[in-house]
Amino acid sequence: MLAAAFCLVLAAVSGCGGGGSGKEGPVARQTHPGGHGQGAARGVPQGLPGMPPLLDPNDVYAADRPNALSPVVRNFPSRVYVPNTESDTVSVIDPKTYKVIETIPVGNQPQHVVPSWDLKTLWVNNDRGHTLTPIDPATGKAGKPVDVHDPYNLYFTPDGKYAVVMASMDRELVFRDAHTMKRMKTEPVSCLGVNHADFSPDGRYFIVSCEFSGELLKVDTARMKVIGQQKLPFDGAMPQDVKIAADGKTWYVADMMADGVWVLDGDKFTEPWLMPTGKGAHGLYVSRDSKSMYISNRGEGSISVLDLATRKLVKKWELPDGGSPDMGGVSADGKELWLSGRYNSEVYVIDTNDGHQIARIPVGAGPHGLAVYPQPGRYSLGHTGIFR
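Residues numbered from 1 in each chain as written. Predicted model: local features only at pLDDT ≥ 70, side-chain atom pairs only at ≥ 80, totals over all residues. Heavy atoms only, no water.

1. Some details on the nonpolar core
- Counting 30 residues, the largest nonpolar core has Tyr252 and Met293 as its most contacted members.
- Among the secondary structure elements, those contributing two or more residues to this core are β15 (205–210), β18 (239–244), β19 (250–255), β20 (260–265), β22 (281–286) and β23 (292–297).
- Beyond its immediate chain neighbours, meaning those up to four positions away, Tyr252 contacts Asp241, Val242, Lys243, Ala245, Val261, Trp262, Val263, Leu284, Met293, Leu306, Leu308 and Arg311.
- In this structure, Phe206, Val208, Val219 and Tyr379 belong to the second largest nonpolar core, which totals 22 residues. (Core = buried A, V, L, I, M, F, W, Y, C linked by side-chain atoms within 4.5 Å. Buried < 20%, exposed > 50% of the residue type's maximum accessible area, 1.4 Å probe, protein only. Helix = DSSP H or I, 4+ residues; strand = E, 2+ residues; numbered from the N terminus. Contact = heavy atoms within 4.5 Å.)

The following block contains the structure:
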């Protein structure tokens, strides 16, 4: 609702979501950092300096196997942290009982709960409060908010050096020290509504969705610079979550207005093609065995299941009483998919074996980017939990 309202405001001044007839392909602009494009064609290039190497070059999620918890988080209590955008709170759920055990007051319009690169902190993105509230996942206690302007979403470079703030209203990518959040570099963008992102297997670039102008950006990680930009070939496109496939070759971008996911070659950054999934496609989550991707269709209360090897949709799970499944994550053991119900003040728990609804949990108003924590993985790339 907030995104749609903002889009209407932007439309009045900049033609948000109007771009083209949907029949013409996007105009792509790209330059290659240090010949990276040629290196990618010959094979896997050297990774971003300082980035922990992948455990398996053929599976970017090899570190995310069931219950493969890092020693850093192994003793943390298992919790689900739900930012309630319209209540300015975080609901804390015990996943064993499916009950809210605490409600934490935070700043204005918390959008996402983001695990830090070193896994030691959960950052609540108080977008209109212009702060990040740290939560200690060992104790569940909130710390002193840190001043950060327009933190709609938050990511971390794979080398652990920088936090990347998706400053949606400011139209900026802001690179900050990953620990102190001191501003290091600001990269202005010409698109509207920088939103979600994911990183290439070598960490040298990342793809960003711009939800209010229907565009994608390609960003050189080391140079902290936009090197490619294209308009999606759909009139009124509204790209949301971004996720790379386990093989590191194919990218998926959910689009809530095109009602599906765009399938993209990130290295070439050529025009993607659309795979219809369901009304209001929004969040993307990979199974613990790296074989499937769960796609939340917020506009119709369903979850589509994509077979990553064949690129075929194999199942669709319908929530029994409808709903608005949005953002979330997979449980540490891989048996449950947790999603916020954005317009229903609730959280859904879905069995990943057969798709039946396990629980429907009341929370605050406008639940958004919930984090299931801890999860397997050696380090976090941000959002609600992208672990490698």
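2. Details of the packing of aromatic side chains
- Evaluation of the coordinates by the stated rule reveals 8 aromatic pairs.
- Taking 6.4 Å as the distance between ring centres and 35° as the angle between the ring planes, the aromatic pair formed by Phe76 and Tyr373 counts as tilted. Taken together, the residues Phe76 in the loop between α2 (36–42) and β2 (79–84) and Tyr373 in strand β30 (residues 371–373) connect sequence positions 297 residues apart.
- Grouping aromatic residues by their ring pairs yields a cluster made of Phe76, Tyr373 and Phe387.
- For Lys218, the ring lying beneath its charged end belongs to Tyr205, and the centroid distance is 4.2 Å. (Phe/Tyr/Trp six-rings, centres within 6.5 Å; stacked < 30°, edge-to-face > 60°. Lys NZ or Arg CZ within 6 Å of the ring centre and 35° of its normal.)

3. Considering the side chain of Glu346
- Here Glu346 is to be found in strand β28 (residues 346–351).
- Exposure remark for Glu346: the relative accessible area of 12% places this residue in the buried category.
- Here Glu346 is in contact with Ser340, Gly341, Arg360, Ile361, Pro362, Val363 and Pro367, once residues within four sequence places are set aside.

4. As for the side chain of Ser200
- Positionally, Ser200 belongs in the loop between β14 (194–199) and β15.
- Look past the residues within four positions of Ser200 in its chain and what remains in contact with it is Tyr205, Ile244, Trp251 and Arg388.

5. Considering the pairing of β2
- When you tally the buried positions in β2, you get 5 out of 6 residues, the bulk of the element.
- Across 3 bridges, the pairing between β2 and β30 is antiparallel. Note on β30: the bridge partner recorded for Tyr81 is Ala371.
- Relative to strand β3 (residues 89–94), β2 is paired through 5 bridges, and the arrangement is antiparallel. When the sheet's bridge partners are listed, Val80 is paired in β3 with Ile93. (Pairing = 2+ DSSP bridges.)

6. Details of the sheet that holds strand β21 (residues 273–276)
- In space, the 4 strands of this open sheet follow the order β18-β19-β20-β21, with antiparallel pairing throughout. Edge strands, defined here as strands with exactly one partner in the open sheet, are β18 and β21. Looking at each pair of strands side by side, their axes are set apart by 25° on average, direction ignored.
- Note: β19 against β20, 6 bridges, orientation antiparallel. Within the sheet, the bridge partner assigned to Tyr252 lies in β20 and is Val263. (Axes fitted to C-alpha atoms, helices over the stretch in contact; angles between N-to-C directions.)

7. Things to note about the state of the cysteines
- Counted by the stated rule, this structure contains 1 disulfide.
- Put simply, Cys191 and Cys210 are joined by a disulfide, and their sulfur atoms are 2.1 Å apart. In this structure the cystine formed by Cys191 and Cys210 twists about its S-S bond by roughly -55°; its chirality is therefore left-handed. Taken as a pair, Cys191 in the loop between β13 (183–188) and β14 and Cys210 in strand β15 lie far apart in primary sequence, 19 residues in all. Like Cys210, Cys191 is buried. (Disulfide = S-S within 2.5 Å.)

8. A short note on the sheet that holds β23
- Pairing is antiparallel in the open sheet, where 4 strands are placed in the order β22-β23-β24-β25. Bordering the open sheet on either side are β22 and β25 (312–318), each of which pairs with just one other strand. Strand-to-strand twist of the sheet, defined as the mean angle between neighbouring strand axes without regard to direction, takes the value 25°.
- Bridging between β23 and strand β24 (residues 302–307) involves 6 bridges; their strand directions are antiparallel. The residue of β24 that forms the bridge with Ser296 is Ile303.

9. Regarding the pattern of salt bridges
- As enumerated under the stated definition, the model contains 10 salt bridges in all.
- Across the pair Asp59 and Arg65 runs a salt bridge whose closest N-O atoms are separated by 2.6 Å.
- According to the relative accessible area criterion, Asp59 is buried, its value standing at 8%.
- A relative accessible area of 29% places Arg65 in the partly exposed class.
- We note a salt bridge from Asp220 to Arg223, for which the minimum N-O separation is 3.8 Å.
- Looking at Asp220, the relative accessible area reads 4%, which means it is buried.
- Residue class for Arg223 comes out partly exposed when judged on its relative accessible area of 37%. (Salt bridge = Lys/Arg side-chain N within 4 Å of Asp/Glu carboxyl O.)

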